[in-house]
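Survey of secondary and tertiary structure
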Amino acid sequence: MRVLGVDPGLTRCGVGVVDGRVGGALRAVSVGVIRTPAADDVAHRLLAIERALAEAIATHRPDVVAIERVFSQNNVSTVMGTAQASGVAMVVAARHGLPVVLHTPSEVKAAVTGNGRADKAQVTAMVTRILGLVEAPRPADAADALALAICHVWRGTSVSRLDDALAAASRPSGPMRTAAEPIRSRIPGAARTNPRFPERKPR
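Residues numbered from 1 in each chain as written. Predicted model: local features only at pLDDT ≥ 70, side-chain atom pairs only at ≥ 80, totals over all residues. Heavy atoms only, no water.

**Notes on the packing of helix α1 (residues 42–60) against helix α2 (residues 76–95)**
Each pair of packed helices gets described by two things: the angle between the helix axes and the distance between those axes. The condition that has to hold: Working convention: axes come from line fits to C-alpha atoms, limited for helices to the stretch in contact. Angles between N-to-C directions cover 0 to 180 degrees. The helix count covers DSSP runs of H or I at least four residues long, the strand count covers runs of E at least two residues long, and both are numbered beginning at the N terminus. Any angle that falls under 35 degrees is termed roughly parallel, while one over 145 is termed roughly antiparallel, one within 65 to 115 roughly perpendicular, and all others oblique. Take the far helix as your reference; a near helix turned counterclockwise from it by less than a right angle gives a left-handed crossing, and one turned clockwise gives a right-handed crossing. Every residue pair with non-hydrogen atoms within 4.5 Å of one another is taken to be in contact. Under the convention adopted here, Pro, Cys and the residues Ala, Val, Leu, Ile, Met, Phe, Trp and Tyr are nonpolar, Asp, Glu, Lys and Arg are charged, and Gly plus all remaining residues are polar.
In contact at an axis separation of 9 Å, α1 and α2 are set at 40° when each is read in the N-to-C sense. With respect to α2, the element α1 is oriented oblique. As for the relative orientation of α1 and α2, their crossing is right-handed in sense. Where α1 approaches α2, its residues Val42, Leu46, Ile49, Glu50, Leu53, Ala54 and Ile57 are matched on the opposing element by Gln84, Ala85, Val88, Ala89, Val92, Ala93 and Arg95. A per-class count over the contact of α1 with α2 returns eleven nonpolar, one polar and two charged.

Quick look at the structure:
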């Protein structure tokens, strides 16, 4: 599975691509940060992010896009920019026919470090170790994007397999039987007209 992780942000939008599967080794394919000048118009900044993400998808052809779920912060302007960038990422993925998954920061931290309250330094250190990188990805937005991709490989695929197993278990294994059939079987003459109840031969 190839996952494109996106750590949304208006000034810095982290993008990381990871190959891997549950129980197997993970490999970093690409990592970087999309930057937009704060002095530019917001619409043009979002357009720049859209174009860069579309190029990343066209280049790396991921199977799924994992995006950090936006949560409330004290700084309203910051969370607004993050939400706008997140929306752009979802639109780009949908336009390319890719599934989108959202992971909370605590889910990502727990998956990568084992601690849902880990700080950015701990996340960066574990991402570097898990992927066997020569040096830590910088800035933190880049490491967070890789962490999102790792989180989905380890947690998202397991959840998908569980959902598939539950769906398979809920499917009927044999032909469907209507509620009226037991009633018809007790009606005189029903056995002679219903192929499920063949007519008895006289002894």
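**Regarding the pattern of salt bridges**
Here is the rule we go by: In what follows, salt bridge is the name for a side-chain nitrogen of Lys or Arg lying within 4 Å of a carboxyl oxygen of Asp or Glu.
Summed over the entire model, instances satisfying the criterion amount to five salt bridges. Two residues, Asp19 and Arg2, come together in a salt bridge whose shortest N-O distance is 2.7 Å. Linking Asp19 in strand β2 (residues 12–19) with Arg2 in strand β1 (residues 2–7), this pair joins segments that are 17 residues apart in sequence. Look at the salt bridges and you will find they share partners, linking Arg2, Asp19 and Arg27 into a network.

**Here we look at helix α4 (residues 120–131)**
Counted only if it meets this: Multiplying 1.5 Å by the residue count of a helix minus one yields the expected span of that helix. Relative accessibility thresholds used throughout: buried, under 20% of the residue-type maximum; exposed, over 50%; partly exposed, between the two (1.4 Å probe, protein chains only). Arc definition: it is the arc formed by the directions from the helix axis to the C-beta atoms. The term polar contact refers here to a pair of N or O atoms within 3.5 Å; inside protein, the definition further demands a hydrogen-donor-capable atom paired with an acceptor-capable atom, and it admits residues adjacent in sequence only when both atoms are side-chain atoms.
With twelve residues, α4 extends 16 Å between its outermost C-alpha atoms, agreeing within 8% with the 16 Å of an ideal straight helix rising 1.5 Å per residue. Along α4, the residues that are buried comprise Val123, Thr124, Val127, Thr128 and Leu131. Projected onto a plane normal to the axis of α4, the buried residues spread over an arc of 130° and lie on a single side. When the buried face of α4 is taken as reference, the exposed residues oriented beyond 90 degrees from it are Ala121 and Arg129. Capping of α4 at its N-terminal end is provided by Asp119; its side-chain oxygen lies 3.3 Å from the backbone amide nitrogen of Ala121. Immediately downstream of α4, the backbone of Gly132 shows phi near 65°, a positive value.

**Quick notes on the nonpolar core**
As a reminder, the rule being used: In this description, a nonpolar core means a group of buried Ala, Val, Leu, Ile, Met, Phe, Trp, Tyr and Cys residues linked to one another through side-chain atoms lying within 4.5 Å.
The biggest cluster of nonpolar side chains holds 21 residues, and the ones touching the most others in it are Leu4, Val6, Ile49, Leu53 and Val65. For this core, the secondary-structure elements that each account for two or more residues are β1, β2, α1, β4 (64–68) and α2. Tallying contributions element by element places α1 first for this core, with six residues. Those residues in contact with Leu4 that lie beyond four places of it in its chain are Val15, Gly16, Val17, Ile57, Pro62, Val64, Val65 and Ala66. Judged by nonpolar contacts, the second largest core, of 19 residues, contains Val3, Leu26, Val112 and Leu148.

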